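Report on the structure
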Amino acid sequence: MCPAAFRYRRMKKSNTANQVNGLGELDDYSIVVHSHLKWDWVWQRPQQFLARLSRRHSVLFVESPDACDDAPATRAHVQEVTDFPNINVLQIKIPASRADDTPWVDKERRRVVQSILSGPLGEKFSSIVQWFYDPMAISGFARQLNEQLIVYDCMDELSLFRGAPPQLIDRERELLGIADIVFAGGPKIWRAKHKLNRNCFCYGCGVDAEHFGKARDPEGRLPDELADLPHPIFGYIGVVDERIDYKLLAHLAASTKGSVVMIGPWTKVDPASFPRRDNLHWLGGRDYSDLPSYAKGFDVCIMPFARNEATRFINPTKALEYMATGRPIVSTPVEDVVAQFSNVITIAEDASRFAQACALAAGQPQWLRINRGLVLAARNSWDSIVARLEGHIAEALRSRRAPTAKAA
């Protein structure tokens, strides 16, 4: 089993998103989300966006079906999110014996969602925007919910991830051809998707700068797990998967008398294969609310990404989160990181240079870089991004409804 993932408790309310006002019926819509990621896992882009959108829109967050050996028939469970009562999460379990029957899965997941929307919950979903993270859902749902718009938030190049379904490339091409709006999670992925959908907009990740800024609080308490570790501490916060350069981590640990700390749940990798050293600590997932206290213990925040297919298009959320902590940051040469943040983040080409850069950053922090990062974090809030996303949706609804208004 995976260790506990990052859990989110309560998000502080903000009025930033409410600045998109005066839209009348253009703001009166609900959202049905199709996501390959689970709501109650790592708190990242989908949750950050939908939690804020739920302040003004009902949200049904439909998770991709789980194939279960002990499920003789399809089972569905709907649960309201405690801290966000305008969000309901739909979990679907299907028989493992039918998981490879893609046409059946398409029909079954559509049947379940339509059944849920035909019940009492459906009273909140009279005007629907379908919002896709999972391209595999497009064939089963496009034009099936009487939707006003189709939105694709493309946060990753999922076809390059380990275990991606063979149909994913064709399904995503179908989604890009149908979508009214595409949001791309970084410059490189925007360049790829804009070729297939001209109404594509680049919005990288945002940050809750106030939350991660707690790492700079001199009164903040360190977690017990870090309190007695030798310094310098080189720390990572994020998912541990095929995108991590494990040989680089082993070299970093071998090169220092300090500590390397990895915080995050693992997926699609075998923890038995992780490099093991006395000063390399795999702590597993931690509550989102506790992450700033862990970052407070770091001397350097690290992004030890491998150069492989899975990292070709990534635009890591953690870049801005690290900046908000006020710590030096060292990364391998991820293309979007180099393009956007090389005046803040130190880029190291190989394991030896990575270890050298970490040691230098711990001993001689470059405050000019750190201050630039603090400014960037302050400018790139999730609230401001969501307000802009809502503006694009309102414009698309205005364009869609204009012919109807003229005909009337």
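In this report, we go over the structure that sits alongside the text. Predicted model, so just to flag it, every value in this text is computed and none were measured. (Residues numbered from 1 in each chain as written. Predicted model: local features only at pLDDT ≥ 70, side-chain atom pairs only at ≥ 80, totals over all residues. Heavy atoms only, no water.)

Points about helix H1 (residues 45-53)
Counting buried positions over the 9 residues of H1 gives 9, a clear majority of the element. Burial in H1 covers these residues: Arg-45, Pro-46, Gln-47, Gln-48, Phe-49, Leu-50, Ala-51, Arg-52 and Leu-53. (Buried < 20%, exposed > 50% of the residue type's maximum accessible area, 1.4 Å probe, protein only. Helix = DSSP H or I, 4+ residues; strand = E, 2+ residues; numbered from the N terminus.)

Re the sheet that holds strand S10 (residues 233-237)
One open sheet holds the 6 strands; their spatial order is S12-S11-S10-S13-S14-S15, and the pairing between them is parallel. The open sheet has two edge strands, strand S12 (280-284) and strand S15 (346-347), and neither has a second partner. Here S10 pairs with strand S11 (residues 259-263) via 5 bridges, running parallel. Counterpart to Gly-235 in the pairing with S11 is Val-261. Sheet contacts for helix H8 (residues 246-254): S10, S11, S12 and strand S13 (300-303); angle to S11, the most-contacted strand, approximately 145 degrees. Packed on one face of the sheet, helix H10 (residues 318-325) meets S10, S13 and strand S14 (329-331) and runs near 175 degrees to S13. (Pairing = 2+ DSSP bridges. Contact = heavy atoms within 4.5 Å. Axes fitted to C-alpha atoms, helices over the stretch in contact; angles between N-to-C directions.)

Observations concerning the pairing of S10
Within S10, 5 of the 5 residues are buried, which leaves it mostly tucked inside the rest of the structure. Burial along S10 is two-sided: the face carrying Ile-233, Gly-235 and Ile-237 and the face carrying Phe-234 and Tyr-236 are both buried. The β-α-β motif built from S10, the intervening H8 and the parallel element S11 has right-handed crossover chirality. In this structure, S10 lies alongside S13, joined through 2 bridges in parallel fashion. Across the sheet, the residue bridging to Phe-234 is Val-300, located in S13. (Right-handed = clockwise from strand over helix to strand, strands pointing away.)

Side note on unusual backbone geometry
The omega angle of the peptide bond from His-231 to Pro-232 is 0 degrees, so this bond is cis rather than trans. Assignment of secondary structure puts Pro-232 in the loop between helix H7 (224-227) and S10. Phi at Asn-146 is positive, roughly 55 degrees, even though this residue is not glycine. Within the fold, Asn-146 resides in the loop between helix H3 (138-141) and strand S7 (149-154). Using a relative accessible area of 65% as the deciding quantity, one classes Asn-146 as exposed.

Brief notes about the packing of H10 against helix H13 (residues 367-379)
In contact at an axis separation of 8 Å, H10 and H13 are set at 120 degrees when each is read in the N-to-C sense. Considering their axes alone, H10 and H13 lie oblique with respect to each other. Helix-helix and strand crossings are classified by hand; for H10 and H13 the assignment is left-handed. Residues Leu-320, Met-323 and Ala-324 of H10 form the contact with H13, whose participating residues are Gly-373, Leu-374, Leu-376 and Ala-377. Class assignment for the residues of the contact of H10 with H13 results in 6 nonpolar, 1 polar and no charged. (Parallel < 35°, antiparallel > 145°, perpendicular 65-115°, else oblique. Left-handed = near helix turned anticlockwise from the far one by under 90°. Nonpolar A, V, L, I, M, F, W, Y, C, P; charged D, E, K, R; others polar.)

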